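Read off the chains here:
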Amino acid sequence: MEHASSDFAVDGQYIVQNMMAAELVKQCSNITLGEESETCNIKQALKALRKKIHSLDSENSRRVHDPHESFEYLEVLCKIRQLSERLRSLDPGGEAKEHGDLTVYADDLFEMAMARLEEEFVYLLTHYKQPLGQELLSFRSTEDGSTEDFSSSSFSEEQIEAKATQNDVNGVSECVVADFIQPGALAAVKSIAKFMFLSGYDKECCQDYISARQDAIDEYFGSVCLDKLSIEELMSTSWDKLSSLIKRCNRAMRAFVRVYLASERRLSSHVFAELSDSTADLCFYEISFNSVMQLLSFYQAVAIGSSKPEKLFRLLDMYEVLDDLLPEVESLFEAGYGVMILNEYHEVLLQLGESARKTFAEFKYAIQSYTSSNAVPRGAVHPLTKYVMNYIKALTAYSKALDSLLKDTDRKYQHFTSDIQLMANSYPSFTVTALHLQSIASVLEANLEAASRLYKDDRLQNIFMMNNIHYMVQKVKNSDLKSFLGDDWIRVHNRKFQQQAMRYERASWNNVLSYLSDDGLCAAGAAASRKTIQDKFKNFNLSFEEVYRVQTAWSVPDDQLREDVRISISLKVIQAYRTFMGRYSGNLDGTRHRDRYIKYRPEDLETLLLDLFEGSQKSLQHSFRV
Amino acid sequence: MPATDFQGSSSSSSPFSSFGRSLLSLRRDAPASPAMPLSAAAAEEDAGLDAFQRHVAVLLADLRGDGGGGGGDGFMSAAWIRRLLEAYVMCQEEFRVAAAAAAQARRRGGGVAQQQAERAVAELGERAVKALDVCNAARDGVDQVRRWERLAGVAASALLAAAPGEVHEGHLRRARKALSDLAALLADEAAAAAGAGGACGVAAFLASHRNRSFGRARASPTRGSSSASSPTAHFRSLSWSVSRTWSAARQLQAIGAGLAPPRAHEAAAGLAASAYAMGCLLHLASWALVAAVPCPDRGAALQAHHLPAQPPRAAFHWAPPLLALQERLAEEGRRKDRRSSCGLLREIHALEKSAQRLAEAIDAAPVPLAGDREAEVREAAAELAAVCAAMRDGLEPLERQVREVFHRIVRSRMEGLDSPALNAG
């Protein structure tokens, strides 16, 4: 007797129970006198137990009660079962009818007590459940930062949010498993589940358990404020709203799989694993199925939405979240029942990947087919350059996901064309992502070449190309992009913008400098050469002023580059001017209007050169008019 | 992960294996085609599209002739709906191939005709996306039905566990409790479906039952004994994976909106007509799903207000069988005993009936139970157990098929998203 009831005693802490068991032993030991009187005693005992149930019931149904009181139900049930077994072992003798009635009475009493026990089970599951602690829901407060988001496809975004923060949940998520049932009540829940199973109430037990836990999951979803939106609604949601929903959903998904489901799984195992693994699996599956499907449906809806370039980052975020969680999901649903969830999960991952690939291809195509109708004013950096470079810079954070997504596609999909294949052959050391980024950079360059042809002035064309390629090089050098595009790329492009600078210089200044040459001065006589010298100064002044007027309007936004270009000009021009002046200014001594010809001192020119490329047009002619 | 089997190898073989006929044999069987003006160049392509239309017709006619087979294959049984969905998947696959071929042609030739065809395909895509939510709602519905089945199974097994001649008050009480929990769920559902009118019929009967079953009101939060109003309703509204305001009737309306036969003189009548056939088939499949299992605003969906304009019988091979099925579905929804039920799915009806029969048998049973009475109770329990088993067998493949339709739509949508960049190759 002791032994049987000890099945349900946990840690000997339930003194009440043990006391009652002891009492029962006493009662039973008193009824060994004779079978007749034993039947009678059993009847008495059963009636007492019936009363006990009623009193337990009326007490417990009216108030919140302690989990250890649940053991009293178990205690009563154990006794009923023992008595009923004892009864069956007795020889009914001449009292068959009475014996039979008593057996039925015992059985009915047992069923009644079982019904109460079942309610007690539900009571424990609902009353002693614990929601996930607030600290585990921390993703609610950190979400929806006001970061910029490629929200405009106007190619004008300068600063772009890199990766949506993905590690904020990791901090709490690793290995955190919560207790969904207060530890004090868990023992009782387990014991009752075991008793229900052993008494053939396994279906009821699972049903009650599943219902209670499904309620809990719904409450959880209510508390994290994830609105249920149908796919159609999601597809017509504005991008800004959708983007913030995605961030929220990603956080929810991580917390849900890593913390919530892991805890749910552990609870199922706690309660049922001793009985049968498959029951624990089945219950867990039934409980979580709907909510997992629901979350996946959100991901699916985003995947089938339009493939606007700005979506790529969120798609990759989503892909990474699901890909990251895959091992966990696989271990949660490894058993037979979970196959459907796993299939769905893989399918969504596949579609997200496909959607990301398409969006990426779409992005490249958008650059390719983007045509500027007007030249960028002042030869400055094209908004497209900024957009694309910031975009691919942000993409480097996703290189792992991109590598796996882009790897097999080149062979399979036409939309990644042969240039990648060619590049792969010549640069076997680069990753697929790197090759794609290089390809995008060269598409951008080609587009810029085309845009530069909109300038009528070749020199401005050079400035434009110089500015833009310099911008690209700077972006690459100062970010992770350098490891994707490589040193060679940087070298080549450094040279490219320097060449543009040289071409500009030649086209702009060779003419100006030509007036400072000695040609025709040595041979001629003093009078002739004075005239020539006057002309030369005059022409130099005019051409310098013209360059000044035009090029002060141009722009070299980068301070360093502007500085470099000016230094290079000043090295050539000021040097030549100083020399020319030193050699010939003496010849003009005493001539009328000497200062008309020698309008500028070298220092003046040096100062004037500082006005170039500031983007605001200035003119010298009215103040120094001859 | 690598996108290897993008065309979906997962269960694509199943729909094809269940329909053994090839396109060629279908062409032979089908009635003579109503004449359509064809340009010589497009003749070959249109012949293929014509075959497609015939195929749709044959599949629908197949679904119509459910009477003889009996068994689980009857109209609106889980197996039947599954076949309807399989038919949709099959046709969709054929249509996809045809549309791809047409897109190829467009790239070669172009022209107004192809633009019209393109538009028809795109419109169909939009309709199909609307059906995704129907699939999700139906998945929830199936989940709900599975819950009913579990409770019914508890009731049946409680009685069948007792040895013959040993069914006592305790067993009856146990069964009654499960039935009353079931009744609570069914009553909620029926009330939701019937709108403000409240539950009637089976659910009402069972609901009245639950109050007697336990004879006491306990503060415990057992679902069955809680009132049908707030807590349960709250739970239910949360369990739908579509949003709160989602309505099956409205969704059907949207799927069928603007669904009209292409004008015969349109040059691209071939592909447009196929897209039209697909649209009608999609609407029918969605309607059947929504009508079969519990889902939001199902009551309104039972009425045929959302039906698109009737396809002209003479112009399309598939119009007569489609209209016949629509008619039958509408009729079924109008039937008094079904209107208040929790789903037109045959298995649901059987579950309701058997549960009611068992509840009545238990009610009528005197205590102690003996002889005929006990046999009756046991028989009713056995019947309910069989119904549950059949339901389990039917729901699982149906659920998988619903997902298959979902994935097919998604995949074809993904293909359709190809931009000019991707088509240019």
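Residues numbered from 1 in each chain as written. Chains lettered and ligands numbered in written order. Predicted model: local features only at pLDDT ≥ 70, side-chain atom pairs only at ≥ 80, totals over all residues. Heavy atoms only, no water.

Scanning chain B from N- to C-terminus turns up 16 helices and 0 strands. The buried share among the 425 residues of chain B stands at 57%. Long-range pairs, those at least 24 residues apart, make up 80% of the contacts in chain B with a sequence separation of at least 6. Roughly 16400 Å² of accessible area belongs to chain B as shown, and the carbon and sulfur atoms make up 55% of that amount. (Helix = DSSP H or I, 4+ residues; strand = E, 2+ residues; numbered from the N terminus. Buried < 20%, exposed > 50% of the residue type's maximum accessible area, 1.4 Å probe, protein only. Contact = heavy atoms within 4.5 Å. Areas by Shrake-Rupley, 256 points an atom, 1.4 Å probe, with all protein chains shown as cover.)

Secondary structure assignment for chain A yields 25 helices and 0 strands. By residue count, 55% of the 626 residues in chain A fall in the buried class. Contacts spanning at least 24 positions in sequence make up 82% of the contacts within chain A whose residues lie at least 6 apart. Accessible surface, chain A: about 26100 Å² in total, of which carbon and sulfur atoms supply 51%.

If you walk through the whole model with that rule in mind, you get 0 disulfides over all chains. Left unpaired, Cys135(B) is separated from the closest cysteine sulfur, that of Cys295(B), by 11 Å. (Disulfide = S-S within 2.5 Å.)

What follows is about empty space enclosed by the protein. Empty pockets left among the atoms are what a rolling probe the size of a water molecule brings to light. Residues and elements named next belong to chain A. Enumeration over the complete set of coordinates arrives at 12 cavities of 30 Å³ or more. There is about 200 Å³ of room inside the largest cavity. The wall of the largest cavity is formed by 13 residues, among which Asp-227, Lys-228, Leu-229, Gln-294 and Phe-298 lie closest to the centre. Elements supplying a minimum of two residues to the lining of the largest cavity: helix H10 (239-272) and helix H11 (277-303). (1 Å grid on protein atoms, 1.4 Å probe; cavity = no way out; pocket = protein on both sides within 12 Å on 5 of 7 lines; lining within 4 Å. Points joined across faces, edges and corners; volume = space filled by probe spheres on them.)

Counted under the stated rule, the structure contains 32 aromatic pairs over all chains. Relative to Tyr260(A), the ring of Tyr220(A) lies with its centre 4.4 Å away and its plane at 40°, an arrangement referred to as tilted. Taken together, the positions of Tyr220(A) in helix H8 (residues 202-223) and Tyr260(A) in helix H10 put the pair 40 residues apart, joining distant regions of the chain. You can call Tyr220(A) buried: its relative accessible area is 5%. Note on Phe256(A) and Tyr260(A): the rings are 5.5 Å apart at their centroids and 20° apart in plane angle, and the pair reads as stacked. In this pair, Phe256(A) and Tyr260(A) are both assigned in helix H10, 4 residues apart and thus about one turn of the helix distant. Taken as a pair, Phe256(A) and Tyr260(A) share a single burial class, namely buried. These aromatic residues form a ring-pair network of at least three members: Trp509(A), Phe537(A), Phe540(A), Phe544(A), Tyr577(A), Phe580(A), Tyr584(A) and Tyr600(A). Above the ring of Phe75(B), the side-chain terminus of Arg328(B) is found at 4.2 Å from the ring centroid. One residue, Arg403(B), lies across the ring of Phe406(B), its end atom 4.2 Å from the ring centre. (Phe/Tyr/Trp six-rings, centres within 6.5 Å; stacked < 30°, edge-to-face > 60°. Lys NZ or Arg CZ within 6 Å of the ring centre and 35° of its normal.)

Mapping Arg314(A) onto the fold places it in helix H12 (residues 312-332). A distance of 2.8 Å separates the side chain of Arg314(A) from the side chain of Asp317(A), its partner in a polar contact. (Polar contact = N/O pair within 3.5 Å; in protein donor to acceptor, adjacent residues only side chain to side chain.)

In this fold, Lys130(B) is placed in helix H5 (residues 112-160). Those residues in contact with Lys130(B) that sit more than four places away from it in its chain are Glu232(A), Gln251(B), Ala254(B) and Ile255(B).

Further remarks concern the confidence of the model for chain A. Residues shown with low pLDDT carry predicted positions that ought not to be read at fine detail. All names here are of chain A. Averaged over all residues, the pLDDT of chain A equals 81, while 80% of them reach at least 70. This stretch, residues 28-33, has a pLDDT under 50; its non-local contacts, to residues over four places away or in other chains, come to 5 contacts. This stretch, residues 138-159, has a pLDDT under 50; its non-local contacts, to residues over four places away or in other chains, come to 58 contacts. (pLDDT = per-residue confidence, 0-100.)

For the rest of this paragraph, the subject is unusual backbone geometry. Residue and element names in this part refer to chain B. Positive phi is not limited to glycine here, since Met-76 has a value of about 65°. Considering the arrangement of structural elements, one finds Met-76 in the loop between helix H3 (43-64) and helix H4 (78-108). The phi angle at Asp-297 is positive, at roughly 65°, despite the residue not being glycine. Its place among the elements puts Asp-297 in the loop between helix H10 (269-292) and helix H11 (298-302). Judged by its relative accessible area of 37%, Asp-297 is partly exposed.

The subject of this paragraph is the pattern of salt bridges. Applying the stated rule across the entire model yields 47 salt bridges over all chains. Of the charged contacts, one joins Arg403(B) and Glu344(A) as a salt bridge, the two residues approaching to 2.8 Å between their closest N and O atoms. Highlighted residues: Arg403(B) in helix H15 (residues 371-416) and Glu344(A) in helix H13 (residues 339-369), drawn from two different chains. In this structure Glu344(A) comes out as buried when scored by relative accessible area, which is 4%. Its salt-bridge partner being Glu404(B), residue Arg408(B) comes within 2.8 Å of it at the nearest N-O pair. Taken together, the positions of Arg408(B) and Glu404(B), both in helix H15 and 4 residues apart, correspond to about one turn of that helix. Of the two residues, Arg408(B) and Glu404(B), neither departs from the other in class, the shared state being buried. (Salt bridge = Lys/Arg side-chain N within 4 Å of Asp/Glu carboxyl O.)

Attention shifts here to helix H14 (residues 346-364) of chain B. Residues spaced three or four apart along an α-helix face the same direction, because each turn holds 3.6 residues. Look at H14(B): 27 Å from first C-alpha to last across 19 residues, which is about the 27 Å you get at 1.5 Å a residue. Listing the buried residues of H14(B) in full gives Glu347(B), Ile348(B), His349(B), Leu351(B), Glu352(B), Ser354(B), Ala355(B), Gln356(B), Leu358(B), Ala359(B), Ala361(B) and Ile362(B). (Expected span 1.5 Å × (residues − 1).)

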